[in-house]
Structure formats: structure tokens, C-alpha cells
Amino acid sequence: MGSEGSAVVGVHNAMVLGGFQNHSVYLANKEDHPREKINLDLDMENASVIFIHVPRNFRLLEELERGEKGIGDGTVSYGMDDADDIYMQSWTGTIIGPPNTVHEGRIYQLKLFCGQDYPDNPPAVKFQTRINMTCVNQETGVVEPSLFPMLATWQREHTMEDILTQLKKEMMSPQNRKLSQPPEGNEEPRMDQKGLVVKCCIL
């Protein structure tokens, strides 16, 4: 049986073949979103629940599809930076600041980088738009994993959508909802961790 967070298999069209059953199955996550149809021979006497480790690209394709369809009320969104990137590494996220906070009406852009070990390990997350938050490095815009519980205690079933949604919730937290923010329209360059100048703009 696979590790926690692996995909659950939905079984369809069973056909008995001797002591085995042949099944058409769909890879699906805990929310039962269809992924990739495959064929397996299952020993039904020795397995009641089958888990499959979903390959990285299947997972990212599902996230891409969900991002393209739109998420909830539209206050968080994300998409790939380059449709030709076969490794699906670089993504841009957007968060619209929640009401009744200093972030209300502001549009924040972020970069998410999914390495080859995603989703076993979290993506690197960085605000392109200047923001003051307790979990964000003020010089680089990087969301510090040690200060952001979702990254610190990452689980394989977490998604980029979950990260953006949780960051939005953090904006509403007591320590961030009234925190003084850079003026809108501030386009001061910011140094990233490699010493390169990153131009930031609050829309």
C-alpha cells in the first residue's frame, strides 16, 4: 500500500480473469478529481484498497486545469508562466487583498517554482509585489517556510491553490490585517537571493 497522500484508485468495469480481476481505473486525489485512466490487474483477495503514487506531471496537469477553470470567488488564481515548459516549473499566482484589512483592493502577484521533487516537497513561493507580512522576507519577497506553517509542515496533497488561499487567510490574521504596507504604485527594485534586481509593481 502506498504512502499517505497517494492517489486513491476508483475502480470501474470489473472483469473476472481467473483469480484476478482486470479493471479500468482512474487516478484521483482525495477530492476525487479524475486524472489519468490506466489498466491494472488487481489481486482482489489480497487488496481491498489500492493506492497509487501519482506522477508529478499528472498532478501538475490537474492543477493547471483547475487554475484555468477559475477558483472560487476569483480572489486567488494561478497559471503557468510558459505553456511550452515541459517541466511545468514556473507559475504565477495572484491574490486580491481581503476586505476589512489594509490589503483590501490590492492585487498581489507571486511566483511559485515547482522543482522536480514537487509535490513531495513544496514549491518555492515569492511575492513579486511588495508586501509587509510576518511570513515574508521584506528584502526578497520570499515566503519563509519556517514562518508559514503550510510550507513548514507540507503534505503531498497540498496544492498551489492551497498555498495562495492560506496566504490570503494570513493577510486577515491579527498580526497582518493592520500591518503598515508599502504605498501602492511603489516600483522600487528589490534584490533577490542571487543578488539580481527584481522589479516589483503593486497594481
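The structure under discussion appears in the preceding block.
Because the structure is predicted, anything quoted here is derived from the model rather than measured. (Residues numbered from 1 in each chain as written. Predicted model: local features only at pLDDT ≥ 70, side-chain atom pairs only at ≥ 80, totals over all residues. Heavy atoms only, no water.)

Caption draft 1: Quick peek at the pairing of strand 7 (residues 107–113). Residues of strand 7 alternate between two faces, with Y108, L110 and L112 buried on one and I107, Q109, K111 and F113 left unburied on the opposite face. Across 7 bridges, strand 6 (residues 90–96) lies against strand 7 in antiparallel orientation. Looking at strand 7, one finds that T94 is bridged to Q109. In this sheet, strand 8 (residues 124–127) lies alongside strand 7 in antiparallel orientation, the contact comprising 4 bridges. In the sheet register, F113 faces strand 8, and the bridge partner there is A124. (Buried < 20%, exposed > 50% of the residue type's maximum accessible area, 1.4 Å probe, protein only. Helix = DSSP H or I, 4+ residues; strand = E, 2+ residues; numbered from the N terminus. Pairing = 2+ DSSP bridges.)

Caption draft 2: Inspection of the pairing of strand 5 (residues 76–80) at higher detail. Here strand 5 lies mainly inside the structure; 4 of its 5 residues are buried. Pairing between strand 5 and strand 6: 5 bridges, direction antiparallel. Residue M80 lies in a different strand from strand 6, and its bridge partner there is W91.

Caption draft 3: The sheet that holds strand 8, seen in detail. If you walk across this open sheet you meet the 4 strands as 5-6-7-8, and the pairing is antiparallel. What marks the edges here is a single partner per strand, and that holds for strand 5 and strand 8. Taken pair by pair, the neighbouring strands of this sheet meet at an average axis angle of 25 degrees, ignoring direction. Lying on the sheet, helix 1 (residues 56–69) is in contact with strand 5 and strand 6; it crosses strand 5 at an angle near 125 degrees. (Axes fitted to C-alpha atoms, helices over the stretch in contact; angles between N-to-C directions. Contact = heavy atoms within 4.5 Å.)

Caption draft 4: Up close: unusual backbone geometry. Residues Y118 and P119 are joined by a peptide bond in cis, for which omega reads 5 degrees. Residues other than glycine seldom take positive phi values, yet M88 does so here, at roughly 55 degrees. Position of M88 among the secondary structure elements: in the loop between strand 5 and strand 6. By relative accessible area, M88 is classed as buried at 6%. Look at N100: it is not a glycine, yet its phi comes out positive at around 60 degrees. Within the fold, N100 resides in the loop between strand 6 and strand 7. Looking at N100, the relative accessible area reads 62%, which means it is exposed.

Caption draft 5: Just helix 3 (residues 160–171), in detail. End to end, helix 3 covers 17 Å across 12 residues, agreeing with the expected 16 Å (1.5 Å per residue, within 8%). Its buried side turned inward, helix 3 meets helix 1, strand 5, strand 6, strand 7, strand 8 and helix 2 (149–152). (Expected span 1.5 Å × (residues − 1).)

Caption draft 6: Representation of the pattern of salt bridges in the model. Per the stated rule, a full pass over the model turns up 6 salt bridges. In this structure, the salt-bridge partner of E63 is R59, at a minimum N-O distance of 2.9 Å. Within this pair, E63 and its partner R59 are both found in helix 1, separated by 4 residues, close to a single helical turn. Each member of the pair, E63 together with R59, is buried. Among the salt bridges present, the one from E161 reaches R66, with a minimum N-O distance of 2.5 Å. Highlighted residues: E161 in helix 3 and R66 in helix 1, separated in sequence by 95 residues. A residue is classified by how much of its surface remains accessible, and E161, at 13% relative accessible area, is buried. (Salt bridge = Lys/Arg side-chain N within 4 Å of Asp/Glu carboxyl O.)

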